[in-house]
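Chains, contacts and geometry: an overview
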Amino acid sequence: MNKNEMFRMIPKIDILLKQEGIKELAEEYGRQALVGVLQEILEDLRTEAAEYAGQGNVQKGAGEIQQMLLRLPAEVHDRLQRLFRPEMIPVVNGTGTILHTGLGRAPLGEKASLRGGKVAGTYTNLEYDLNTGERGERCSHFERLLCRITGAEAALAVNNNAAAVLLILSSLACGGEAVVSRGELVEIGGKFRIPDVMELSGARLRETGTTNRTRLSDYENAVNEETKVLLKVHTSNYRIVGFTESVSLEELCALGKQKGICVAQDLGSGVLVDLSRYGLQNEPTVQASVSAGADVVCFSGDKLLGGPQAGIIVGRKCFLDRMKKHPLARALRIDKFTAAALEQVLLEYLNPEQAVKNIPVLRMLTRPADEVRRDAEMLTEEIRRNIANKSGGIETQITVEPCTSRAGGGALPGEEIDSFAVCILPGQISAAELQRRLRTMPVPVLGRIVRDRFLLDMRTVDGRDREYLAELFSREELFAPGVFPVTGENERPDQKKGNRL
Ligand SMILES: *Cc1c(COP(=O)(O)O)cnc(C)c1O
């Protein structure tokens, strides 16, 4: 066998399209996808053949190609199945980080996501006034709720809070100056930096004070004819401690009023219920900012509010009207799914005691540690019972241990929330290997490793996942040494890509 003969073993695509076991796949997946997958496989085969040829190992290459051709129908089917399977899937969050940016920040919960899906799945009165039969307002549906809940005159929502800050500065401060304390020039993860957003908006940043101390006189000295906005930014993800001084929102609003300058606040998370009642540190509420006299307040929809991704702006009607007319409002607007889900979440806040129970983020945040411990104990019991029912038995230690959860998402920095975890010490594989295996399950389970043990913080685990977890953790193969998964079923396409055939 020479090099050319080896390459000639690789079939032409038209031949493969007629082959038994392959041609039938066109019916289920369509000819286009089938051809695409076949082209990929042939390309991989040619690359591999070229490598063997380069090594002068033609005989081995021919053998490999032969093997591959034998399992070609199965390989094509496998690739098509993976191609047609969604890659974005639900996961079990056992990390204890409630607003986990990598895991989509606030989980919406069933009610709000079903509402969003129901409205988005059909025609809806998104921008249609059913009373007059005329063109309506996209934000009107939840504006009434935001005004009622926060006490503000008007409200608006855009794509996210970064967009909200951009819209505020663009519509109110473009061509002029916005004054910000040097202690509040924050960077939120993912490239959001106040000075950069400022530049993008066309407003000039006028820094005042110092990193640790800013006084009212600093703001007074910074104000001139060019000043359009006094901007206060909540230091969401850090604290400045020690020799510090800052200006309260009340004081700043008094100054704004005296000088006739708009006072805006970027609250970051934007809580609508007083969390100090639940033993959490005092994260300022939107209501407090409005009643302190802020002209404009913005905050995220999917941080502690527990709603869909959005940037919510509340405040005085005259300023909100200018924002609604700005071209960026169109570019940054929310879609109907978000509008409907946001309205549903805000409805919960009409009854704050209910909101804390019904909104997943607030429920997880305020759950007493004892309750989390009971969940951890129940799961541990179920796993042990399942294992006892099996013949082999697994050398795995499963215990309940105290741990700490975090709010995450740049909210409540430094706050350590007492919690409990199901702690797993596998006997035959490392905790890191267990973590990897759990990550590649059809429903992935994510947790932390602490001192070479795998920890599943039950604060962020939905009670409805307990049965699944109990079943999963009693599977012997999960803890067995060797290759895992046995079938290859659980791999995602991105992990498989680049694998040799
Ligand atoms: C999180 C945050 C933002 C960005 O909000 P997104 O909704 O993520 O765009 C802006 N400002 C502050 C103070 C924040 O905490």
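Reference entry: report on the structure contained in this document. (Residues numbered from 1 in each chain as written. Predicted model: local features only at pLDDT ≥ 70, side-chain atom pairs only at ≥ 80, totals over all residues. Heavy atoms only, no water.)

**Observations regarding the site of the ligand**
Quick note on the threshold: A molecule or strand has a residue near it when one of that residue's heavy atoms lies within 4 Å. Side-chain atoms alone can form a polar contact between residues adjacent in sequence; in general such a contact is a pair of N or O atoms within 3.5 Å, and within protein one must be able to donate a hydrogen while the other accepts it. Labels follow the DSSP assignment, with helices taken as runs of H or I lasting at least four residues and strands as runs of E lasting at least two, numbered in each case from the N terminus. Residue polarity is assigned by list, with Asp, Glu, Lys and Arg as charged and Ala, Val, Leu, Ile, Met, Phe, Trp, Tyr, Cys and Pro as nonpolar; anything else, Gly included, falls into the polar class.
Every residue close to the ligand is listed here: Arg105, Asn160, Asn161, Ala162, Ile188, Phe192, His234, Ser236, Asp266, Gly268, Ser300 and Lys303. The separation between an oxygen atom of the ligand and a polar main-chain atom of asparagine 161 is 3.0 Å. One nitrogen or oxygen atom from the side chain of serine 300 is found 2.6 Å from an oxygen atom belonging to the ligand. Counting residues per element, the ones that place at least two in the shell around the ligand are α9 (161-173) and β11 (262-268). In terms of residue class, the shell around the ligand is made up of three nonpolar, six polar and three charged.

**Some words on the packing of helix α4 (residues 31-54) against helix α6 (residues 72-83)**
Test applied: Note on geometry: axes are C-alpha line fits, over the in-contact stretch for helices, and angles between N-to-C directions span 0 to 180 degrees. Angles below 35 degrees are treated as roughly parallel, those above 145 as roughly antiparallel, those between 65 and 115 as roughly perpendicular, and all remaining angles as oblique. Crossings are classed by handedness, with left-handed meaning an anticlockwise turn of the near helix from the far one by less than a right angle and right-handed meaning a clockwise turn. The contact definition used throughout considers only heavy atoms, calling two residues in contact when any of these lie within 4.5 Å.
The N-to-C vectors of α4 and α6 enclose an angle of 120 degrees; their axes lie 10 Å apart at closest approach. As the angle between them shows, α4 and α6 are arranged oblique. Relative to α6, α4 is oriented so that their crossing is right-handed. Every residue of α6 that contacts α4 at Ala33, Leu34, Val37, Leu38, Glu40, Ile41 and Asp44 is listed here: Leu72, Glu75, Val76, Arg79, Leu80 and Leu83.

**Some details on the environment of alanine 163**
Note the threshold: Think of it in three bands: with a 1.4 Å probe and only protein chains considered, a residue is buried below 20% of the maximum accessible area for its type, exposed above 50%, and partly exposed in between.
With respect to the element layout, alanine 163 can be found in helix α9. You can call alanine 163 buried: its relative accessible area is 6%. Measuring from C-alpha to C-alpha, the distance between alanine 163 and phenylalanine 192 comes to 10.0 Å, with 29 residues separating the pair along the chain. If sequence neighbours within four positions are ignored, alanine 163 has contacts with Val158 and Leu332.

**As for the sheet that holds strand β5 (residues 154-158)**
Rule in force here: Here, any two strands with at least 2 DSSP bridges between them count as paired.
Read across the open sheet, the seven strands follow the order β5-β13-β12-β11-β10-β6-β9; overall the sheet is mixed. Either end of the sheet is taken by a strand with one partner, and the two such strands are β5 and β9 (204-208). On average, each strand axis in the sheet is tilted by 25 degrees relative to the strand beside it, whichever way the strands run. In this sheet, strand β13 (residues 311-315) lies alongside β5 in antiparallel orientation, the contact comprising five bridges.

**A closer look at the pattern of salt bridges**
The criterion, for reference: Note on definitions: salt bridges are taken to be side-chain nitrogens of Lys or Arg within 4 Å of carboxyl oxygens of Asp or Glu.
Following the criterion strictly, the structure yields 36 salt bridges and no others. Here aspartate 302 and arginine 105 are joined by a salt bridge, their closest N and O atoms 3.1 Å apart. Here arginine 105 lies in the loop between β2 (97-99) and α7 (109-120) and aspartate 302 lies in the loop between β12 (296-300) and β13, a separation of 197 residues in the sequence. The exposure class assigned to aspartate 302 is buried, which follows from its relative accessible area of 7%.

**A word on the environment of glycine 209**
Of note, glycine 209 is situated in the loop between β9 and α11 (216-222). Setting aside chain neighbours within four positions, we find glycine 209 in contact with Arg182, Thr214 and Asp218.

**Quick notes on the environment of isoleucine 383**
For isoleucine 383, the position within the fold is in helix α19 (residues 369-388). When the C-alpha positions of isoleucine 383 and glutamate 471 are compared, they lie 7.0 Å apart, and in sequence the two are 88 residues distant. Not counting the four nearest positions on each side in its chain, isoleucine 383 is found in contact with Ile398, Leu469, Ala470, Phe473 and Ser474.

**Side note on the packing of α7 against helix α16 (residues 336-348)**
In contact at an axis separation of 8 Å, α7 and α16 are set at 145 degrees when each is read in the N-to-C sense. In this structure, α7 crosses over α16, and the sense of that crossing is right-handed. Between α7 and α16, the contacting residues are Lys111, Ala112, Ser113, Arg115, Gly116, Gly117, Val119 and Ala120 on the first element and Lys336, Phe337, Ala340, Ala341, Gln344, Val345 and Glu348 on the second.

**Regarding the packing of aromatic side chains**
The geometry of an aromatic ring pair is captured by two quantities: the separation of the ring centres and the angle between the planes. Stated formally: The rule is short: rings of Phe, Tyr and Trp, with Trp giving its six-membered ring, pair when the centres are within 6.5 Å, and they are stacked under 30 degrees, edge-to-face over 60, tilted in between. We call a charge positioned over a ring when the NZ of a Lys or the CZ of an Arg lies within 6 Å of the ring centre and within 35 degrees of the ring normal.
Enumeration over the complete set of coordinates arrives at one aromatic pair. Here the aromatic rings of tyrosine 29 and phenylalanine 84 are separated by 5.1 Å at their centres, their planes lie at 55 degrees, and the arrangement is tilted. Placement of the pair is tyrosine 29 in helix α3 (residues 25-29) and phenylalanine 84 in the loop between α6 and β1 (92-94), with a sequence separation of 55 residues. Judged by its relative accessible area of 11%, tyrosine 29 is buried. Look at phenylalanine 84 and you get partly exposed, because its relative accessible area is 46%. Residue placement shows arginine 213 over the ring face of phenylalanine 243; its charged tip is 3.8 Å from the ring centre.

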